Amino acid sequence: MRERIKLICTDIDGTLLNEARWLSERTIIAFAKANLPIILASSRPPQAMRYLQQGLGIESESLIAFNGGLIINKNGNVLEDNSFSSKILKTLLDHHSKHTYNLSIYSHEHWFTCKNDSYTKHEIFTTRDTPIIQPARNTLDFLETHKLGIHKLMCMGTSVELDSLVQYLQPLYGQTIHLYRSKDTYLEITLKNIDKAKALQKLLAAEYTFGMEAIMSFGDNHNDEELLRLSGYGVAVANATESVKCISDFVSEFTNKEDAIARVLEQHIPY
């Protein structure tokens, strides 16, 4: 296995991090002993991924943020920017004004939200990022003034409210945006037709001399499916969705909270 695997690509939440939302000592040691390039690929913004790169000692590596919405190369420069127009946010605000769900707006390394509620506090704890808290209309003005696109909108609230939002946006922008339910109370909105696998393929073409056949990838949720399916060796953690498990080459019997990645590396990438 070691001879054919030349790079590791992993999801973060639900896959890499333990119960404390951090890297276990066993995981850090396993990555170090594997001694392979590591690319983090997540729905997170880049600023919420860099402290994990530091923890793994891979600050000079590329990263894939917003599920492929923003690809940053080894030099810290943007290799590809897949964002959508702030006009979509303007449309969404008409719906938001009549509901109570939390709206987080992500553009490059900016995180805006309109209230410091339990959802915002949970995201701060999970990602170690700090938002700018201001009315969403002010954020819209900022984006339009600076001509910035949006990489992700995250709406957090009751399932009924989020169902209503999907029904509102899908007919208007279904050809442009992807509305993804990461869980019942979380709706993530990104540009359509992007994913982690496409982003990794672009990174490999730009920075390496091998393709997806040399990749060992790890994931747990629907946004990891293409990555695991196209990788040379795709690994699902025990807490992964059934659809992810079905397309994986290997399914760990351990969850992210039980050092699943470390155990796979110890078993399949002998030192």
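In what follows, the structure referred to is the one given above.
Our subject in this report is the structure included herewith. (Residues numbered from 1 in each chain as written. Predicted model: local features only at pLDDT ≥ 70, side-chain atom pairs only at ≥ 80, totals over all residues. Heavy atoms only, no water.)

### Some thoughts on the nonpolar core
If you look at the biggest cluster of nonpolar residues, it comprises 36 residues, and the most contacted ones within it are L16, F31, L40, M216, F218 and L265. Of all the elements, helix α10 (residues 260-268) adds the most residues to this core, at four residues. Once residues within four sequence positions are removed from consideration, L40 is found in contact with T10, I12, L16, M49, L52, Q53, L56, I58, S62, L63 and I64. Ranked by size, the runner-up nonpolar core spans 25 residues in total, among them Y101, L103, I105 and L165. (Core = buried A, V, L, I, M, F, W, Y, C linked by side-chain atoms within 4.5 Å. Buried < 20%, exposed > 50% of the residue type's maximum accessible area, 1.4 Å probe, protein only. Helix = DSSP H or I, 4+ residues; strand = E, 2+ residues; numbered from the N terminus. Contact = heavy atoms within 4.5 Å.)

### Re the packing of aromatic side chains
A complete count under the given rule lists seven aromatic pairs for this structure. Between the aromatic rings of F112 and F142, the centroid separation amounts to 5.4 Å while the plane-to-plane angle is 55 degrees, which identifies the pairing as tilted. Of this pair, F112 sits in strand β7 (residues 110-113) while F142 sits in helix α5 (residues 136-145); the two residues are 30 residues apart in sequence, bridging distant segments of the chain. Here F142 falls in the partly exposed class, since its relative accessible area comes to 25%. Taking 6.5 Å as the distance between ring centres and 20 degrees as the angle between the ring planes, the aromatic pair formed by Y233 and F250 counts as stacked. With Y233 in strand β13 (residues 233-236) and F250 in strand β14 (residues 250-251), this pair connects stretches of sequence that are 17 residues apart. Among the residues examined, Y233 registers a relative accessible area of 10% and is labelled buried. These aromatic residues form a ring-pair network of at least three members: F66, Y106 and W111. (Phe/Tyr/Trp six-rings, centres within 6.5 Å; stacked < 30°, edge-to-face > 60°.)

### Here's the deal with the pairing of β7
Across four bridges, the pairing between strand β6 (residues 102-107) and β7 is antiparallel. In the strand pairing of β7, S107 is matched with H110. Hairpin connection between β6 and β7: a loop of two residues separates the two successive antiparallel strands, and H108 in this loop has a positive phi of roughly 55 degrees. Pairing analysis gives two bridges linking β7 to strand β8 (residues 132-133), with the strands arranged parallel. Looking at the pairing, T113 lines up with I133 of β8. (Pairing = 2+ DSSP bridges.)

### Comments concerning the sheet that holds strand β4 (residues 70-72)
Strand order in the open sheet formed by eight strands is β5-β4-β3-β2-β1-β12-β13-β14, with mixed pairing between adjacent strands. Each having just a single partner strand, β5 (78-81) and β14 make up the two edges of the open sheet. Sheet analysis places strand β1 (residues 7-10) next to strand β12 (residues 215-219), joined by four bridges and oriented parallel. Paired with C9 across the bridge in β12 is S217.

### Here we look at the pattern of salt bridges
Summed over all chains, the structure comprises 13 salt bridges. For R44, the salt bridge goes to D13, with nearest N and O atoms at 2.8 Å. With a gap of 31 residues between them, R44 in the loop between β2 (38-41) and α2 (50-56) and D13 in the loop between β1 and α1 (25-34) connect regions that are remote in the sequence. Overall, the relative accessible area of 3% leaves R44 in the buried class. Two residues, K202 and E80, come together in a salt bridge whose shortest N-O distance is 2.7 Å. Here K202 is found in helix α7 (residues 196-207), whereas its partner E80 is found in strand β5, with 122 residues between them in sequence. Overall, the relative accessible area of 38% leaves K202 in the partly exposed class. Salt bridges sharing partners connect three or more residues here, namely D11, K196 and D224. (Salt bridge = Lys/Arg side-chain N within 4 Å of Asp/Glu carboxyl O.)

### Description of the side chain of D117
Mapping D117 onto the fold places it in the loop between β7 and α4 (118-127). For the buried D117, which has no salt bridge, the nearest side chain bearing the opposite charge is K115, at an N-O separation of 4.3 Å. A distance of 2.8 Å separates the side chain of D117 from the side chain of N102, its partner in a polar contact. A polar contact is formed between the side chain of D117 and the backbone nitrogen of T120, at a distance of 3.0 Å. (Lys, Arg positive; Asp, Glu negative; His and termini not counted. Polar contact = N/O pair within 3.5 Å; in protein donor to acceptor, adjacent residues only side chain to side chain.)

### Points about unusual backbone geometry
Phi at N67 takes a positive value of approximately 60 degrees, unusual for a residue other than glycine. Note on N67: relative accessible area 9%, which makes it buried.

### Considering α1
Note on helix geometry: an α-helix contains 3.6 residues per turn, so any two residues three or four positions apart are oriented the same way. Every buried residue of α1 is listed here: T27, A30, F31 and A34. One face of α1 carries all of its buried residues, which in axial projection span an arc of 95 degrees. Along α1, exposed side chains directed more than 90 degrees from the buried face belong to E25 and A32. In the segment just after α1, N35 is the residue with positive phi, at about 55 degrees. (Arc of directions from axis to C-beta.)

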